[in-house]
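Chains, contacts and geometry: an overview
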Amino acid sequence: KEYSAQRVQDLLAIAPVGRGGMQSQSQPGVREPAVGRFLLPVSDCSFTVESILEELQRDPWPTPSDQRSSRCTGVALSVAVGLLESAYSRQGARIMCFIAGPATVGPGLIVSNQKKESIRSHTDLHKKAAPKYKDAIKFYQNIAERAATSCHIVDFFACSLDQVGLLEMKVCADKTG
């Protein structure tokens, strides 16, 4: 499901941003600020990110051959926007989304996990025969509005533009610059 900024704050037990970009101290000891806990400057976390990338291994739970990998790109983007809304509301920030396949789970999905359902094609879109297209567009428009309102940019990196659902997500990049 989609997560609002308030819901992300509650789930992660982080303090919301107060006026002037300062972290709210309404409940000392209960909630920490997101900055420093979940968000760091690149210079502070580059070694950790590089270490994680170097230690990546094959998934120990392989996907059955008749199914696609489960990807909840829409939910991940919703949580990222919520986290930045909580920590850097109305301050410049960037979300970089690296996409390796279509969203198959949750809001924003463009195709199901089952490979017997083919991914929508240009012809399907032209004939308006892509069943998940309208819901995905509506979802990503909402994400784009939230990000743009908070002065955040959403970037997408993908190797195959037509096979990852970038058409549906395009509104995020367009509205946020």
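What comes next is a walk through the structure. (Residues numbered from 1 in each chain as written. Predicted model: local features only at pLDDT ≥ 70, side-chain atom pairs only at ≥ 80, totals over all residues. Heavy atoms only, no water.)

**A few points about the side chain of Ser78**
Summarising the element assignment, Ser78 is placed in helix 3 (residues 73–87). Residue Ser78 is classed as buried on the basis of its relative accessible area, which comes to 0%. Side-chain polar atoms of Ser78 contact the side chain of Arg146, separated by 3.5 Å. When residues no more than four places from it in sequence are discounted, the contact partners of Ser78 are Glu2, Tyr3, Phe139, Ile143 and Arg146. (Helix = DSSP H or I, 4+ residues; strand = E, 2+ residues; numbered from the N terminus. Buried < 20%, exposed > 50% of the residue type's maximum accessible area, 1.4 Å probe, protein only. Polar contact = N/O pair within 3.5 Å; in protein donor to acceptor, adjacent residues only side chain to side chain. Contact = heavy atoms within 4.5 Å.)

**Re the nonpolar core**
Here is a general trend for soluble globular proteins: nonpolar side chains tend to be buried in one another's company. The biggest cluster of nonpolar side chains holds 32 residues, and the ones touching the most others in it are Leu77, Ile99, Tyr140, Val154, Phe156 and Cys172. For this core, the secondary structure elements donating two or more residues are helix 3, strand 3 (93–99), helix 5 (133–149), strand 4 (152–158) and helix 6 (166–176). Here Leu77 is in contact with Ile95, Tyr140, Ile143, Val154, Phe156 and Cys172, once residues within four sequence places are set aside. (Core = buried A, V, L, I, M, F, W, Y, C linked by side-chain atoms within 4.5 Å.)

**Some thoughts on helix 1 (residues 5–12)**
Every buried residue belonging to helix 1 is among Ala5, Val8 and Gln9, and all of these are buried. Looking straight down helix 1, one finds its buried side chains confined to an arc of 100°; they lie on one side. Looking one or two places after helix 1, you find Ala13, whose phi comes out positive at around 55°. (Arc of directions from axis to C-beta.)

**Some details on the packing of helix 5 against helix 6**
As a packed pair, helix 5 and helix 6 sit with axes 8 Å apart at the nearest point and diverge in direction by 20°. Considered as vectors, helix 5 and helix 6 are oriented roughly parallel to each other. For the element pair helix 5 and helix 6, the recorded crossing hand is right-handed. When helix 5 is examined against helix 6, the residues Tyr133, Ala136, Ile137, Tyr140, Gln141, Ile143, Ala144, Glu145, Ala147 and Ala148 are found in contact with a partner set consisting of Leu167, Glu168, Met169, Val171, Cys172, Lys175 and Thr176. Residues belonging to the contact of helix 5 with helix 6 are distributed by class as follows: 12 nonpolar, 2 polar and 3 charged. (Axes fitted to C-alpha atoms, helices over the stretch in contact; angles between N-to-C directions. Parallel < 35°, antiparallel > 145°, perpendicular 65-115°, else oblique. Left-handed = near helix turned anticlockwise from the far one by under 90°. Nonpolar A, V, L, I, M, F, W, Y, C, P; charged D, E, K, R; others polar.)

**Here we look at a nonpolar patch on the surface**
On the surface, Val49, Ile52, Leu53 and Leu56 cluster together into a nonpolar patch covering about 410 Å² of accessible area. For Ile52, the location among the structural elements is in helix 2 (residues 42–54). Take Ile52: its relative accessible area is 52%, and that puts it in the exposed class. (Patch = residues over 30% accessible without salt bridge, like charges linked within 9 Å, V, L, I, M, F, W, Y side chains within 5 Å. Areas by Shrake-Rupley, 256 points an atom, 1.4 Å probe, with all protein chains shown as cover. Salt bridge = Lys/Arg side-chain N within 4 Å of Asp/Glu carboxyl O.)

**What to know about helix 3**
Taking 1.5 Å of rise per residue, the 15 residues of helix 3 would be expected to cover 21 Å, and the 21 Å separating its terminal C-alpha atoms lies within 8% of that figure. With 12 of 15 residues buried, helix 3 is to be regarded as a mostly interior element. Among all positions in helix 3, only Thr73, Gly74, Val75, Leu77, Ser78, Val81, Gly82, Leu83, Leu84, Glu85, Ser86 and Ala87 are buried. Elements that come into contact with the buried residues of helix 3 comprise helix 1, strand 1 (14–15), strand 3, helix 5, strand 4 and helix 6. (Expected span 1.5 Å × (residues − 1).)

**Quick word on the state of the cysteines**
Taken as a whole, this structure holds 0 disulfides when the rule is applied. Cysteine Cys151 is unpaired, with the sulfur of Cys172 as its nearest cysteine sulfur at 16 Å. Residue classification places Cys151 among the partly exposed positions, given a relative accessible area of 42%. (Disulfide = S-S within 2.5 Å.)

**Examining unusual backbone geometry**
Even without a glycine there, the phi angle at Arg90 is positive, about 60°. Topologically, Arg90 is positioned in the loop between helix 3 and strand 3. What makes Arg90 exposed here is its relative accessible area of 59%. With phi around 65°, Cys151 is a residue other than glycine that occupies positive phi space. Looking at the element boundaries, Cys151 is found in the loop between helix 5 and strand 4.

**What about the pattern of salt bridges?**
Taken as a whole, this structure holds 7 salt bridges when the rule is applied. One salt bridge connects Asp174 with Lys170, and the closest N-O pair in it is separated by 2.8 Å. Residue Asp174 and its partner Lys170 are located together in helix 6, separated by 4 residues, close to a single helical turn. What makes Lys170 partly exposed here is its relative accessible area of 44%.

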